[in-house]
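Coordinate inspection notes
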Amino acid sequence: NDQEVAGMKAAHIRDGAAVVKFLSWFEQQYGSLPTVDSNADKHGESKLNEFLVAEKLEEFRSKQDKFVGLSFDTISSIGPNGAIIHYKPDETTSSPVVTGQVYLLDSGGQYLDGTTDITRTFYIPSPERPKPTDFQVEMNTRVLQCHIDLALSVFPAQTFGPALDCFARRYLWEVGAEVPHGIGHGVAAHGPVHEGPCGIAKMNRGGAICSTAIVPGMILSNEPGFYENGSFGIRIENLVVVVPKQVSYKSPTPFYTFENLTFVPLDRQLIKKEMLSSVQLDYVNAYFTECFDKVGPLVKDDPAAYAWLERNTQPL
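What you see is a predicted model, and the numbers here were worked out from it, not measured in a lab.

**Things to note about the overall build of the protein**
Helix and strand counts for the protein stand at 9 helices and 14 strands. In summary, the protein has a C-alpha radius of gyration of 19 Å against a globular reference of 20 Å for 316 residues, a match within 12%. Projected onto its principal axes, the C-alpha positions of the protein cover 65 × 45 × 35 Å. Within the protein, the proportion of its 316 residues that are buried is 57%. Within the protein, contacts between residues separated by at least 24 positions form 70% of all contacts whose residues are at least 6 apart in sequence. When the accessible surface of the protein is summed, it comes to about 13,600 Å², and 52% of that surface belongs to carbon and sulfur atoms. Separation of charge centres in the protein, based on 27 positive and 38 negative side chains, amounts to 4 Å.

**Let's talk about the sheet that holds strand 3 (residues 101–107)**
Taken in spatial order, the 3 strands of this open sheet run 2-3-6, and their pairing is antiparallel. Strands at the two margins of the open sheet, each flanked by one partner only, are strand 2 (75–78) and strand 6 (118–124). Across this sheet, the average inter-strand angle for adjacent strands is 10 degrees, counted without regard to direction. Across the sheet, helix 1 (residues 2–29) lies against strand 3 and strand 6, angled at about 15 degrees from strand 6, the strand it touches most.

**Some points on the environment of F258**
Relative to the assigned elements, F258 resides in strand 14 (residues 255–260). Among all residues touching F258, those that are not within four sequence positions of it are L150, A151, S153, F155, L164, I200, L220, V240, V241, V242 and V243.

**A look at the side chain of T115**
Here T115 lies in strand 5 (residues 114–115). Look at T115 and you get buried, because its relative accessible area is 0%. Engagement of the side chain of T115 in a polar contact is seen with the backbone nitrogen of H190, the distance being 2.9 Å. Reaching out from T115, the side chain makes a polar contact with the backbone nitrogen of G191 at a distance of 3.2 Å.

**Some remarks on the pairing of strand 13 (residues 238–244)**
Both faces of the sheet carry side chains from a regular strand, because those side chains alternate between them. A large share of strand 13 lies buried, amounting to 6 of its 7 residues. Pairing of strand 10 (residues 219–222) with strand 13, which is carried by 4 bridges, proceeds in the antiparallel orientation. Pairing of N222 across the sheet is with N238, part of strand 13. By the bridge criterion, 5 bridges tie strand 13 to strand 14 in an arrangement that is antiparallel. Each bridged residue has a counterpart across the sheet, and for P244 the counterpart in strand 14 is Y256.

**Digging into helix 8 (residues 278–295)**
If you check helix 8, its first and last C-alpha atoms are 26 Å apart, about what 18 residues at 1.5 Å a residue would give, namely 26 Å. Buried residues of helix 8: Q280, L281, Y283, V284, N285, Y287, F288, C291 and V295, and no others.

**A closer look at the packing of helix 1 against helix 3 (residues 50–62)**
Contact geometry of helix 1 with helix 3 gives a least axis separation of 8 Å together with a crossing angle of 135 degrees. By the angle between their axes, helix 1 is oblique relative to helix 3. Crossing geometry of helix 1 relative to helix 3 is assigned as right-handed. Every residue of helix 3 that contacts helix 1 at D15, A18, V19, K21, F22, W25 and F26 is listed here: V53, K56, L57, F60 and R61. When its residues are assigned to classes, the contact of helix 1 with helix 3 shows 8 nonpolar, no polar and 4 charged.

**Focus: unusual backbone geometry**
With omega at 5 degrees, the peptide bond leading from G196 into P197 counts as cis. Relative to the helices and strands, P197 resides in the loop between strand 8 (184–185) and strand 9 (199–200). Unlike most non-glycine residues, K66 shows phi in positive territory, near 70 degrees. Relative to the assigned elements, K66 resides in the loop between helix 3 and strand 1 (67–70). In this structure K66 comes out as partly exposed when scored by relative accessible area, which is 38%.

**Focus: the packing of aromatic side chains**
Here the structure, examined in full by the defined rule, presents 17 aromatic pairs. Pairing F155 with Y256 gives two aromatic rings, centres 6.2 Å apart and planes at 75 degrees, and the pair type is edge-to-face. Taken together, the positions of F155 in strand 7 (residues 155–156) and Y256 in strand 14 put the pair 101 residues apart, joining distant regions of the chain. Using a relative accessible area of 11% as the deciding quantity, one classes Y256 as buried. For the ring pair Y283 and Y287, a centre distance of 6.3 Å and an interplane angle of 0 degrees mean the geometry is stacked.

Thresholds, definitions, all that
Residues numbered from 1 in each chain as written. Predicted model: local features only at pLDDT ≥ 70, side-chain atom pairs only at ≥ 80, totals over all residues. Heavy atoms only, no water. Helix = DSSP H or I, 4+ residues; strand = E, 2+ residues; numbered from the N terminus. Rg over C-alpha atoms; globule rule 2.2 N^0.38 Å. Buried < 20%, exposed > 50% of the residue type's maximum accessible area, 1.4 Å probe, protein only. Contact = heavy atoms within 4.5 Å. Areas by Shrake-Rupley, 256 points an atom, 1.4 Å probe, with all protein chains shown as cover. Lys, Arg positive; Asp, Glu negative; His and termini not counted. Charge placed at Lys NZ, Arg CZ, Asp CG, Glu CD. Pairing = 2+ DSSP bridges. Axes fitted to C-alpha atoms, helices over the stretch in contact; angles between N-to-C directions. Polar contact = N/O pair within 3.5 Å; in protein donor to acceptor, adjacent residues only side chain to side chain. Expected span 1.5 Å × (residues − 1). Parallel < 35°, antiparallel > 145°, perpendicular 65-115°, else oblique. Left-handed = near helix turned anticlockwise from the far one by under 90°. Nonpolar A, V, L, I, M, F, W, Y, C, P; charged D, E, K, R; others polar. Phe/Tyr/Trp six-rings, centres within 6.5 Å; stacked < 30°, edge-to-face > 60°.

Below, the structure is given as structure tokens:
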């Protein structure tokens, strides 16, 4: 209902502030981390590992108003572990954090007024590998294109999840890549982070989570991904709420679209601007502006985080 949607929006802004503060802190650690080519990568000689990173993110969330706990176990994964879709770092065996690798972080918070679930993928540069590979940039950009096309989709009433699924696969299918999981799941307002009966997935994978039409007020994830076994994983995830859409044709059938709830910038290093259409580029730049406008006021108490947010929300 409207009150729950309002609560979800408020919770996501506070959660975005926590994630931005964390990402700013994390970037400040890069200079003291060993590189992927060093012995530290092999022997775990790093001051950070995937488990400690997850704990640090929880610490930033715990300082937010109305925080209750995590909405699920954090998927904190570096390099090859990012290709393991439901990877969970263990306190004793999690991999060291090193530079020169792609990092995938899928996490969420439970607040009294809402539930969050966000995935961001970013590259940790090293002196030897200051930039991600062309392949990593291309595949991240393709995942982003899929994410944007689903976010901008417009659909009539009585549309079920499988009809929207292909919006979030097209640019990966073009090069023979596939998303090996569903694209979206329902999310409750201060409840289960996976909630049926709505979802976005292929007909033969959706099962009960795609058993009802998508209608205004539903909240779903938008999370296409790409996974290169033994190398890296990419996923971009926002939560979205279904809203009515005004259309130019006088249709007797109502039409709907999605509105973003999640506001955290994307890693600019992993985006190839030239691959984006003008519509997609406008979307990214508008999204960056919205991230700064909504989350900026909540991170002004942390000058480093505010500067990080300002820097990472400039137009591409």
